[in-house]
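# Results of the structural survey
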Amino acid sequence: MILIIAEKNLAGERIAQILGGKTTRLQTKGFAKYYSFSRNNEEYVTLPLRGHIVEVDFPKQYASWMGTDLQQLIDAPILYLPNDPAIANLLREMGKLSHKVIIATDADREGESIGVEALRILQETNPSVPTARAYFSAMTPKELVKSFDELVKVDHNLSDSADSRREIDLVWGAALTRFVSIMSNRMGKEFISVGRVQTPVLALIVNREKERLAFVVQPYWEIIAECEKNAQTFEAFHKGGKIFDEKVAQTIFEKVKGAKLAKVMKVTTKKKSIARPIPFDTTQLLRSASALGLAAGQAMNVAESLYMGGFISYPRTDNTVYPDPLDLRELLSELGNFPAYKKFVDEILAKPLNPSRGTKNTTDHPPVHPTKVPDKNSIGEKEWKLFDLVARRFLATFLPDALTENTSVELDIHTEPFIATGQTILSPGWKAAYP
């Protein structure tokens, strides 16, 4: 039997369904579940984990806050303890029956660590079992089959780097949390938590709040002229901008009030090219999703759901350059099957592909991109909104820059200077697909 270790149940189910098709069978063992199937005359079992199944902690002799020397805590041994007995026991049981193990967790640092955790537990009953790694950046049939046909070695250096971070977080958090809580006499439920990430973030929030509280509100006045030319209305703003002296503002207002004509003093036009956006990395995806009303955590959950469904690529990536092996024409053709994207796809495919590029070119995952258009009625509203965002951003990276003409008109109203500005879109370019 070949055992496949997946990171989550949905991933394990999809892997089994794609590789095993109609032969896939769901089975349970206590509170754990797994999927069995046949492929290429081999029997497979896909065992989904629940994320990390091992937690790091100190030995029990270091549990007392007051009785532990914090210097000793820094150099104390660190234990890796299974926190999911049902899955741990199933791994040991499956290990006895397996003649090969394939790690198919998320293809990143954290996924490698989770896979190696499971492997170490399994090796308690089968220490010499051959192991391999399936790397994929999208849950599509093509990508999954390719990854299992082209297995690579498990990257223990990558998993060790993730474990190093976990150990640093434990030591940092435990030592400093205990120190700060003891020194401030905040023990029990009132302890003060200190962490590698949370404490600097809290400092940023506190400093920003101090700036907010120190801000002095000042009233100001703006003088706006409502103008009309060729039956089109527009606004012109006094060149002084925000005026903080009410008497000065009132004097100017009385001077121009009731004016019937504004004299054009100068007209300036300037063409401006607005560069197309670069491919989505995780940070830019979450930032753009906020415009849809999705908070960062919510957007990532939705993106994970779309990834598991095979609709977008892996959403955790720093890459902003499409790699050469990525079949861009195939991805565009898939989008072209959806009417709302077809005209943009036709325009893009009519010319040689020349997508935009960012400055980050990593080798782990491609930028976030669409892989398959979902049935709009089969997914939630939030899922569709985020998929549409990813699809349109993908299209925009292939379309030309937008071109605008910006006009600035200086007006004289009873010797007071006003400015009116406007913009004409000469060529919408990428903005037609990704406004």
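Going by the structure above, here's the rest.
Residues numbered from 1 in each chain as written. Predicted model: local features only at pLDDT ≥ 70, side-chain atom pairs only at ≥ 80, totals over all residues. Heavy atoms only, no water.

### Structural notes on the sheet that holds strand β1 (residues 2-6)
Ordered in space as β2-β3-β4-β1-β7-β8, the six strands form an open sheet in which the pairing is mixed. The open sheet has two free edges, formed respectively by β2 (25-29) and β8 (131-133), since each of these has just one partner strand. Within the sheet, the average angular offset between the axes of one strand and its neighbour, ignoring direction, is 25 degrees. Pairing between strand β3 (residues 32-39) and strand β4 (residues 42-48): five bridges, direction antiparallel. Counted as the bridge partner of Phe37 is Tyr44 from β4. (Pairing = 2+ DSSP bridges. Helix = DSSP H or I, 4+ residues; strand = E, 2+ residues; numbered from the N terminus. Axes fitted to C-alpha atoms, helices over the stretch in contact; angles between N-to-C directions.)

### Focus: the pattern of salt bridges
Oppositely charged side chains can form a pair if their charged atoms are brought close together. Evaluation of the coordinates by the stated rule reveals 24 salt bridges. Measuring nitrogen to oxygen at the nearest pair gives 3.6 Å for the salt bridge that ties Asp163 to Arg120. Of the two residues, Asp163 is situated in helix α6 (residues 156-183) and Arg120 in helix α4 (residues 109-122); the sequence distance between them amounts to 43 residues. By relative accessible area, which is 6% here, Asp163 ends up buried. For Lys255, the salt bridge is made with Glu416, and the minimal N-O distance between the two is 3.3 Å. You can see Lys255 sitting in helix α8 (residues 246-256) and its partner Glu416 sitting in strand β13 (residues 416-427), a full 161 residues away along the chain. (Salt bridge = Lys/Arg side-chain N within 4 Å of Asp/Glu carboxyl O. Buried < 20%, exposed > 50% of the residue type's maximum accessible area, 1.4 Å probe, protein only.)

### Considering unusual backbone geometry
A positive phi angle, near 60 degrees, is found at Asn185, a position not held by glycine. You can see Asn185 is positioned in the loop between α6 and α7 (198-214). The phi angle at Asn230 is positive, at roughly 50 degrees, despite the residue not being glycine. On the secondary structure map, Asn230 appears in the loop between β9 (224-229) and β10 (232-238).

### Considering the packing of aromatic side chains
Inspection of every chain in the model, using the stated rule, returns twelve aromatic pairs. Both rings, one in Phe394 and one in Phe398, keep their centres 5.1 Å apart while their planes meet at 75 degrees; by these two values the pair is edge-to-face. Phe398 matches Phe394 in its accessibility class, with the two residues each being buried. Between Trp430 and Tyr434 the ring centres are 6.3 Å apart and the planes differ by 40 degrees, which places this aromatic pair in the tilted class. Under the relative-accessibility criterion, Tyr434 is labelled buried at 12%. An aromatic cluster is defined as three or more aromatic residues linked by ring pairs; in this entry it consists of Phe338, Tyr341, Trp384 and Phe387. Between the NZ or CZ atom of Arg133 and the centre of the ring of Tyr135, over which it lies, the distance is 4.4 Å. (Phe/Tyr/Trp six-rings, centres within 6.5 Å; stacked < 30°, edge-to-face > 60°. Lys NZ or Arg CZ within 6 Å of the ring centre and 35° of its normal.)

### Focus on the layout of surface pockets
One simple way to see leftover space: roll a probe sized like a water molecule over the atoms. The space that makes up the largest pocket amounts to roughly 1,400 Å³. Lining the largest pocket are 44 residues, and of these Phe136, Ser137, Glu143, His365 and Pro366 sit closest to its centre. Among the secondary structure elements, those contributing two or more residues to the lining of the largest pocket are α4, α5 (141-149), α6 and α11 (328-335). Top element by residues in the lining of the largest pocket is α5. It accounts for five residues. (1 Å grid on protein atoms, 1.4 Å probe; cavity = no way out; pocket = protein on both sides within 12 Å on 5 of 7 lines; lining within 4 Å. Points joined across faces, edges and corners; volume = space filled by probe spheres on them.)

### Quick notes on α6
With 28 residues, α6 extends 40 Å between its outermost C-alpha atoms, agreeing within 8% with the 40 Å of an ideal straight helix rising 1.5 Å per residue. Buried within α6 we find Ser159, Ala162, Asp163, Arg166, Leu170, Val171, Gly173, Ala174, Ala175, Thr177, Arg178 and Ser181. Its buried side turned inward, α6 meets β5 (54-57), α2 (70-74), β6 (79-82) and α4. Looking one or two residues beyond α6, the residue adopting positive phi is Asn185, at roughly 60 degrees. (Expected span 1.5 Å × (residues − 1). Contact = heavy atoms within 4.5 Å.)

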